[in-house]
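Descriptive analysis of the structure
Now for the letters of each chain:
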There are 2 protein chains.
Amino acid sequence: MANTTALTEEDVCQRIRDSILEQRIAPGTKLTEESLCGIFGVSRTTIRRVFLLLSKDNIIRLERNKGATIAAPTVEEAHQVFEARRATEKALLRRAAERVQPGDIAHLRAHLEEEQTALNEADLAAWIRLSGEFHIKLAHIARNEPMCTFLQQLVFQSSLIISQYGTAGAPSSCKGGEHERLVDALEHQDAETAQTIMAEHLRGIESQLSFETEETGQDLHVIFAAAS
Amino acid sequence: MANTTALTEEDVCQRIRDSILEQRIAPGTKLTEESLCGIFGVSRTTIRRVFLLLSKDNIIRLERNKGATIAAPTVEEAHQVFEARRATEKALLRRAAERVQPGDIAHLRAHLEEEQTALNEADLAAWIRLSGEFHIKLAHIARNEPMCTFLQQLVFQSSLIISQYGTAGAPSSCKGGEHERLVDALEHQDAETAQTIMAEHLRGIESQLSFETEETGQDLHVIFAAAS
DNA sequence: TGCCATTAAATTGTTGACAATTTGGTGACA
DNA sequence: TGTCACCAAATTGTCAACAATTTAATGGCA
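To start, this report covers the structure provided alongside it. Worth saying up front: this structure is predicted, and the values here are computed from it rather than measured.

Conventions adopted
- Residues numbered from 1 in each chain as written.
- Chains lettered and ligands numbered in written order.
- Predicted model: local features only at pLDDT ≥ 70, side-chain atom pairs only at ≥ 80, totals over all residues.
- Heavy atoms only, no water.
- Helix = DSSP H or I, 4+ residues; strand = E, 2+ residues; numbered from the N terminus.
- Buried < 20%, exposed > 50% of the residue type's maximum accessible area, 1.4 Å probe, protein only.
- Contact = heavy atoms within 4.5 Å.
- Buried area = accessible area lost by both parts, 1.4 Å probe.
- Salt bridge = Lys/Arg side-chain N within 4 Å of Asp/Glu carboxyl O.
- Polar contact = N/O pair within 3.5 Å; in protein donor to acceptor, adjacent residues only side chain to side chain.
- 1 Å grid on protein atoms, 1.4 Å probe; cavity = no way out; pocket = protein on both sides within 12 Å on 5 of 7 lines; lining within 4 Å.
- Points joined across faces, edges and corners; volume = space filled by probe spheres on them.
- Axes fitted to C-alpha atoms, helices over the stretch in contact; angles between N-to-C directions.
- Parallel < 35°, antiparallel > 145°, perpendicular 65-115°, else oblique.
- Left-handed = near helix turned anticlockwise from the far one by under 90°.
- Nonpolar A, V, L, I, M, F, W, Y, C, P; charged D, E, K, R; others polar.
- Core = buried A, V, L, I, M, F, W, Y, C linked by side-chain atoms within 4.5 Å.

Attention shifts here to the overall build of chain A. Across its full length, chain A holds ten helices and three strands. Moving toward the C terminus, one meets the helices and strands of chain A in the order α-β-α-α-β-β-α-α-α-α-α-α-α. Looking at chain A as a whole, 48% of its 228 residues are labelled buried. For chain A, the proportion of contacts with a sequence separation of at least 24, taken over those separated by at least 6, is 74%.

Next up on the list: the environment of L92 of chain B. All names here are of chain B. Residue position: L92 is located in helix α4 (residues 75-99). On the basis of relative accessibility, which here comes to 3%, the residue L92 falls in the buried class. Counting along the chain gives 52 residues from L92 to N144, while the straight-line C-alpha distance between them is 8.2 Å. Excluding residues within four positions of it along the chain, L92 makes contact with A139, A142, M147 and L151.

Looking now at the interface of chain A and chain B. With 25 residues of chain A at the contact, the number on the chain B side is 24 residues. Between chain A and chain B lies a buried interface of about 2100 Å² when both sides are counted; carbon and sulfur atoms form 56% of it. Summed over the three residues of chain A that lose the most area to chain B, namely L52, K56 and E83 of chain A, the buried surface amounts to 27% of that side. Here chain A is connected to chain B by six salt bridges. The tally of links from chain A across to chain B stands at twelve residue pairs in polar contact (both at pLDDT 80 or more). Elements with a minimum of two residues in the side of chain A that touches chain B: α3 (44-56), α4 (75-99) and α7 (145-165) of chain A. If one sorts the elements of the side of chain A that touches chain B by residue count, α4 of chain A sits on top with ten residues.

In this section: the layout of surface pockets. The rolling of a water-molecule-sized probe over the atoms marks out the regions of remaining empty space. All names here are of chain A. In this structure, the second largest pocket occupies an estimated 250 Å³ of space. Contributing to the lining of the second largest pocket are 13 residues, with R15, I16, S19, I25 and F40 lying nearest its centre. Listed by contribution, the elements that provide at least two residues to the lining of the second largest pocket are α1 (9-21), β1 (30-31) and α2 (33-40).

In this section: the packing of helix α6 (residues 124-140) of chain A against helix α8 (residues 178-187) of chain A. All names here are of chain A. At a minimum axis distance of 12 Å, the contact between α6 and α8 shows a crossing angle of 15°. When the interaxial angle is binned, α6 and α8 end up roughly parallel. For α6 against α8, the interelement crossing comes out left-handed. Within the contact between the two elements, α6 uses S131, F134, H135 and L138 and α8 uses H179, L182, V183 and L186. Its residues assigned to classes, the contact of α6 with α8 comprises five nonpolar, three polar and no charged.

With 133 residues, the main nonpolar core has L186 of chain A together with L186 of chain B as its most contacted residues. Discounting residues that sit within four places of it in the chain, L186 of chain B has contacts with L93, A96, A97, V100, I105, L108, L138 and I141 of chain B.

Encoded structure:
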């Protein structure tokens, strides 16, 4: 009831992206057009455009005559996403170290404050989102739009992967002050150190996932083929 | 009249992508929905989906109530695309060198044959397309879907950039047997050499562009402002 | 002539109805 | 009871008419 103006297509995308970044929506969730029309108060046309756009980001999976579901990355896809992140963020950091400006550092430190606040207030959803957004903000310092957009896609997919394969016990994101150390290294334009921290950081996140256990949907073939 | 079955959405995308890769369509070209409906024999609904998908790849530019045009990258965007290619293809080559298999090399050599044939037959359009596709095939050897898809986008954008800023005299693509040398290096799993060749290769392509001269469309303002 | 408001044509955006497909359930029958 | 065919509901796909916007053209007016 807060907003009477109609939501635009990009608004809806953002809302869905946020819910993924905060891990409030599970991979594999079925999204029917009509229900989303009701929720966001937009027409089916808009929702269908949103589905198409998000499917390009591998956030939503579209199957003909079957509708849309929140993407549920396979183990293979998950590894490829993290491999891509290692390569991309490493390259971005080198350029970021060359191009970083004082204002960037201030901005990042303000972001770190927010992360800390969310952590103190035990606002887990906000903290998870901020952890992801940190990597995106870091990327922007490199001033390369195509690579930033690409990394953004990877971060959203990572969020889905963590939703799916994350061990419940340990919050599988950036602890140990690695974000802080990244900002420090960047402030000194130390690309090498930043890259090393980032590599460890991403390996750390990936290592906290458990890929051995159950899968979703299509892998039943493999499971039951072996059992019979 | 060759095909009576209706073209699907992906077919239309591919046709448009091909025409860009062969540089048969100029950046900035206006695409009206109705005309494309007639050309491809599909409904407006399909064309609109195609526009939306290709706009996500930065191949088509969508402006609200203004319709679609073939993207016309700015100089700044062009530099960023090539920077992204250098970073991405370098990373891809390292992984490709680790994972390359004999079949891959055979496949690449067959592709080189095609390139040579097109060159001998003076089929310029085909040769330009094949030159671009070489980089995409190379990327696939690294077995990383997200990065492959990303590179694909960059290659298409490169094609637009070359259309726009390429000097007419020299065909601003891969000569000097650099593609051959890349395959050789890859066959010996020599990532370092491959990366060096690729870096030179991309710099070479970029250096053949002329960013000083005229621009398209909106830059007329600047041009005539200076002249008056 | 040059400029500006008004109008007509062309193009894009949106909506709703209808068709096609999938999904879930019911009941007949072995 | 278990299986299969069939039917009904729900969901997605398509299309055509209509609304809104932009673009081009015309004609008045200084």
